[in-house]
Amino acid sequence: MNRHELQAMVEKAKEKHKQLKHKICVCCGASCISSGSEEVLKKLQNEIKTRGLENEIEVVPSGCMGPCNQGPLVKHLPENTIYQRVDCENLDRIIESQIVEGKPVEDMLLFADSREKPFVNANEDPFFKKQLKIALKDCGDINPEEIEDYFAVGGYQALDKALYRMTPEEVISEVKQSRIRGRGGAGYPTGLKWETVYKYVSPQKYVICNGDEGDPGAFMDRSVLEGNPHRIIEGMTIAGYAIGASKGFAYIRGEYPLAIKRFEQAIKQATKHGLLGKNILGSPFSFEVEVRIGAGAFVCGEETALIASIEGKRGTPKPRPPFPAESGLWGKPTLINNVETFAAIAPIIQNDGEWYSETGTAKSAGTKVFALAGKINYSGLIEVPMGTTLREVVFEIGGGIQGGAEFKAAQTGGPSGGCIPAEHLDVKMDYESLTSLGSIMGSGGLIVMDKSSDMVDVARFFMEFCMDESCGKCVPCRVGTKMMHDLLQKIYDGKATQIDLDRLEELAVYVKETSLCGLGGSAPNPLLSTLRHFRQEYESKILKEA
Amino acid sequence: MNKISVIIDEKKFDVDPQKTILEVCRENGIEILTMCHLKGLMDIGACRLCIVEVEGINRLLSACTTKVAPNMVVKTATDRIKRYQRITTELFFAERNHVCAVCVSNGKCELQNLGYKVELDHIRYPHLFPQCEVDTSHPWYVMDHNRCIMCTRCVRVCNEVEGAHNWDVMNRGHQVRIISDFNTPWGQSTTCTSCGKCLHACPTGAIWPKAIVQGQLEKNPVMVTELVERRKMKL
């Protein structure tokens, strides 16, 4: 397919959607499927067919819509009415009322306990109103299994623009201007990384998409991969063009079978349409993408371990320098970015870097996807501008704490991050502010805890996770996490003394500073931050000397 | 070849830019503690004993894997580094079951020497006392996992020098173990050539020949280094 044929496809897809009166999206993300959305989809499709409405109403499976704990979700477009907890029985009411009569079913609308009333147009609900969707923009509105749906929302236009109207240097400068930083957690400026890889001269370079999302309570990458896989392929291809790579790998964890299935399907569709493979859109640029499936090791989210895993070796990290930008996959210059970073590339190219950088704060531009979990009314996926306060995220978007309980702390960044106590609820969610509180942005997991949570137990839980997931290569992480876990258990059991606590603190700093990779380097963070904000909980469990 | 100058512990050296910090230090008589490093094998930076402070970098870097750079300022013996080296040594001893008094390598053991060097008088952390196997299935050698410190020198010498790749690593975290082939008894290995290089590469009494008793083990890790050097010269 050349670029003119692409334009024709896009126009055709847009035209087709204009003709439809209504579109009904049934969320077929992993969490809605687990609560039975596939049966709802099947039944709804059959009903529409038997009533002969298929030319007016299109029923499609879509990606994640956001409020996952209220699923299965069904969205009625263009009214943008979302129904929650739909099953095959109460679906009849939606069909009779919404589809036949055009009246919304009031008592099935998306609704969290803390809100005064439900909203017929879901965009008026603070959950959606406060969000700004860039990476997740079309996720939840399009069928991720049909490339035509992606065309209808302007898919692959950014790739066309990059290939025909921009040089690789211009693409990189646009990404630099957007000031986007790596969304995997560390926050390294993406444009700078691209430029570094671009500058290394090599006949073979690689692009890697890191989809080995392993933090407990985090599911941003999964939802993007499931909900809009073509966006990632487009982002990776643009990256390949910019840095001069002809091959990309998407490393997706094996626990995400649906994401893998949809991504592989998307690769096939893109290849069929000439958007991957040789001479993309008739240009001299060639690029292909291959999926590699992670085998369940958390440490493979670390870039050097991930590269070792793709090479077919044991997934253990290597000391850096050399960084992958210089010597990565099979010793070649390699660009490795997170799924969410690639998801933001197409909009940055299609609009421009400045447009993206207008959102967010001075040092952290753009938006960030968070996965809300824990004792919160709406748990699920949100995307907010950088610099949104934690209070807005928890109480306005998330609808507050379940059962009206008191907020105690929020854990950001999973096992590598830290907790934010109630007195810092007004902290801006950006890289620097979170770091200054002893937490990290991380990949975007946000676990909300109420007064029933014991912070020593929280620290112990995350330490147990790191202890199990340590690759065992370097001594501080392998033995240190085990020792720290045992000491935390001892404190939790009420058997520890002040000496144990002192040793624990010394070990925590030691492991943080001496570990080989980021896993060990950040493993003590939950412990250190709970000690910083909730020291009294540790001290109350310490045995007083007789 | 163009030389670059670096400052290590406040002394200036003009050195080859291809060298690592560790090589430069060793050549100039600056002591750096190591355990997973064995000259001739690929460095992996795993034991974290050779950590050094480099000015302008907020992380501690392993000297064995970091190449020197122009005007690099390195500190190898700050109080912080010494304190961390001691903790690392303590963790080595606490991790498995190291009983010098009954060990074949008593008196010639690199781990024991490390203990003397960091002046280890006691271990502040509880010993983990894991249940470890002793594999005596090989006709000549023994693999005692109680004494293994997971430096993986045996794995690397077997793979890189002998080319047999009998040894590898399995499991994660503190459960890691050295395995022969796909975790079969050493004696049943189809890849082991019984060359004995792993025995000489091993820094402790984890791999040893059957014919000896306590304190009798003679190891020659320099043999591995010399072998690699001689092969390079032939090429």
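Small disclaimer: the values here were computed from a predicted structure and weren't measured. (Residues numbered from 1 in each chain as written. Chains lettered and ligands numbered in written order. Predicted model: local features only at pLDDT ≥ 70, side-chain atom pairs only at ≥ 80, totals over all residues. Heavy atoms only, no water.)

**Details of the overall build of chain B**
The helix and strand inventory of chain B stands at six helices and ten strands. Computed over C-alpha atoms, the radius of gyration of chain B comes to 19 Å, within 12% of the 18 Å expected from 2.2 N^0.38 for 235 residues, which places it in the range of a compact globule. Considering chain B as a whole, with its 235 residues, one finds that 54% of them fall into the buried category. Once local pairs closer than 6 in sequence are excluded, the contacts in chain B between residues at least 24 apart make up 62%. When the accessible area of chain B is evaluated, it comes to approximately 11,400 Å², of which 52% is carbon and sulfur surface. (Helix = DSSP H or I, 4+ residues; strand = E, 2+ residues; numbered from the N terminus. Rg over C-alpha atoms; globule rule 2.2 N^0.38 Å. Buried < 20%, exposed > 50% of the residue type's maximum accessible area, 1.4 Å probe, protein only. Contact = heavy atoms within 4.5 Å. Areas by Shrake-Rupley, 256 points an atom, 1.4 Å probe, with all protein chains shown as cover.)

**Brief notes about the confidence of the model for chain B**
The predicted model of chain B has a mean per-residue pLDDT of 94, with 100% of residues at 70 or higher. Prediction confidence for the complex, expressed as pTM and ipTM, is 0.93 and 0.95 respectively. (pLDDT = per-residue confidence, 0-100.)

**A short note on the sheet that holds strand 7 (residues 288–294) of chain A**
Residue and element names in this part refer to chain A. Sheet architecture is open: four strands sit in the order 7-6-5-8, paired in parallel fashion. Among the strands making up the open sheet, the edge pair consists of strand 7 and strand 8 (334–338). Sheet twist, expressed as the mean angle between neighbouring strand axes with direction ignored, is 20°. Across five bridges, the pairing between strand 5 (residues 206–211) and strand 8 is parallel. Across the sheet, residue N210 finds its bridge partner in strand 8, namely N338. Where helix 14 (residues 339–350) meets the sheet, it contacts strand 5 and strand 8, and its direction lies at approximately 95° from that of strand 8. (Pairing = 2+ DSSP bridges. Axes fitted to C-alpha atoms, helices over the stretch in contact; angles between N-to-C directions.)

**Topic: the environment of P78 of chain A**
By secondary structure assignment, the location of P78 of chain A is in the loop between strand 3 (74–77) and strand 4 (81–83). What P78 of chain A contacts, discounting residues up to four positions off in sequence, is K21 and H22 of chain A.

**Brief notes about the nonpolar core**
Note that soluble globular proteins tend to have their nonpolar side chains buried in a common cluster. Counting residues in each nonpolar core, the largest one holds 73 residues, and the members touching the most others are Y156, W194, I232 and F263 of chain A. When residues of this core are assigned to domains, at least three map to each of domain 2 (157–357) and domain 3 (367–450) of chain A. When residues no more than four places from it in sequence are discounted, the contact partners of I232 of chain A are C209, V224, L225, F263, V339, F342 and A343 of chain A. Grouped together as the second largest cluster of nonpolar side chains are 43 residues, L488, Y538 and I542 of chain A together with L33 of chain B included. (Core = buried A, V, L, I, M, F, W, Y, C linked by side-chain atoms within 4.5 Å. Domains from an automatic or database assignment.)

**Topic: the interface of chain A and chain B**
Each side of the interface is counted separately: chain A has 32 residues, and chain B has 33 residues. Roughly 2,800 Å² is buried in total at the junction of chain A and chain B, and carbon and sulfur atoms are behind 59% of that figure. Summed over the three residues of chain A that lose the most area to chain B, namely R478, M483 and Y510 of chain A, the buried surface amounts to 21% of that side. Between E513 of chain A and R80 of chain B there is a salt bridge, with its nearest N and O atoms 2.5 Å apart. At the junction of chain A and chain B, the tally comes to 15 residue pairs in polar contact (both at pLDDT 80 or more). Among the elements of the structure, helix 18 (455–469), helix 19 (475–492) and helix 20 (498–514) of chain A are those that each provide at least two residues to the side of chain A that touches chain B. The element that contributes the greatest number of residues to the side of chain A that touches chain B is helix 19 of chain A, accounting for eight residues. Along the lines of polarity and charge, the residues of the side of chain A that touches chain B split into 15 nonpolar, six polar and eleven charged. (Buried area = accessible area lost by both parts, 1.4 Å probe. Salt bridge = Lys/Arg side-chain N within 4 Å of Asp/Glu carboxyl O. Polar contact = N/O pair within 3.5 Å; in protein donor to acceptor, adjacent residues only side chain to side chain. Nonpolar A, V, L, I, M, F, W, Y, C, P; charged D, E, K, R; others polar.)

**What about the domain arrangement of chain A?**
Residue and element names in this part refer to chain A. Each domain of chain A was delimited in the assignment, giving domain 1 (18–129), domain 2 (157–357), domain 3 (367–450) and domain 4 (455–539). Just the C-alpha atoms count here: the centres of domain 2 and domain 3 sit 27 Å apart. On the domain 3 side, the residues contacting the 16 residues of domain 2 number 21 residues. When domain 2 packs against domain 3, close to 1,400 Å² is buried across both sides, 58% of that on carbon and sulfur atoms. Run the count over domain 2 and domain 3 and you get two salt bridges. For R181, the salt bridge identified is with E432, shortest N-O distance 3.2 Å. Where domain 2 touches domain 3, the interface holds eight residue pairs in polar contact (both at pLDDT 80 or more). By residue class, the composition of the side of domain 2 that touches domain 3 is six nonpolar, six polar and four charged.

**Observations regarding the pairing of strand 2 (residues 57–62) of chain A**
Residues and elements named next belong to chain A. Counted residue by residue, strand 2 has six buried out of six residues, so it is predominantly covered. Alternating positions in strand 2 separate into two faces, I57, V59 and P61 on one and E58, V60 and S62 on the other, with burial throughout. By the bridge criterion, six bridges tie strand 1 (residues 22–27) to strand 2 in an arrangement that is parallel. For V26, the partnering residue across the bridge sits in strand 2 and is P61.

**Looking at the sheet that holds strand 4 of chain A**
Residues and elements named next belong to chain A. Pairing within the open sheet is mixed, and its four strands lie in the order 2-1-3-4. The open sheet has two edge strands with one neighbour each: strand 2 and strand 4. Adjacent strand axes in the sheet meet at a mean angle of 20° when their direction is disregarded. Pairing geometry for strand 3 and strand 4, over three bridges, is antiparallel. From the neighbouring strand, V74 faces strand 4, where its bridge partner is Y83. The strands that helix 3 (residues 37–50) touches are strand 1, strand 2 and strand 3; relative to strand 2, the one it contacts most, it runs at about 165°. Sheet strands touched by helix 4 (residues 91–101): strand 1, strand 2, strand 3 and strand 4. Its angle to strand 4, the strand with the most contacts, is close to 175°.

**A short note on the packing of helix 3 of chain A against helix 4 of chain A**
A pair of packed helices is characterised by two quantities: the angle between their axes and the separation of those axes. Residues and elements named next belong to chain A. Viewed as axis vectors pointing N to C, helix 3 and helix 4 meet at an angle of 40°, and their least axial separation amounts to 11 Å. Classified by the angle their axes make, helix 3 and helix 4 are oblique. Like other packed secondary-structure pairs, helix 3 and helix 4 cross with a definite hand, here right-handed. Contacts between helix 3 and helix 4 pair V40, K43, L44, E47 and I48 from the former with L91, D92, I95 and I99 from the latter. (Parallel < 35°, antiparallel > 145°, perpendicular 65-115°, else oblique. Left-handed = near helix turned anticlockwise from the far one by under 90°.)

**Observations concerning the packing of aromatic side chains**
Summed over the entire model, instances satisfying the criterion amount to 17 aromatic pairs over all chains. Members of the aromatic cluster, each reached through a chain of ring pairs, are W140, Y141, W167 and W186 of chain B. The ring of Y256 of chain A carries R253 of chain A above its face, with NZ or CZ at 5.2 Å from the centroid. (Phe/Tyr/Trp six-rings, centres within 6.5 Å; stacked < 30°, edge-to-face > 60°. Lys NZ or Arg CZ within 6 Å of the ring centre and 35° of its normal.)

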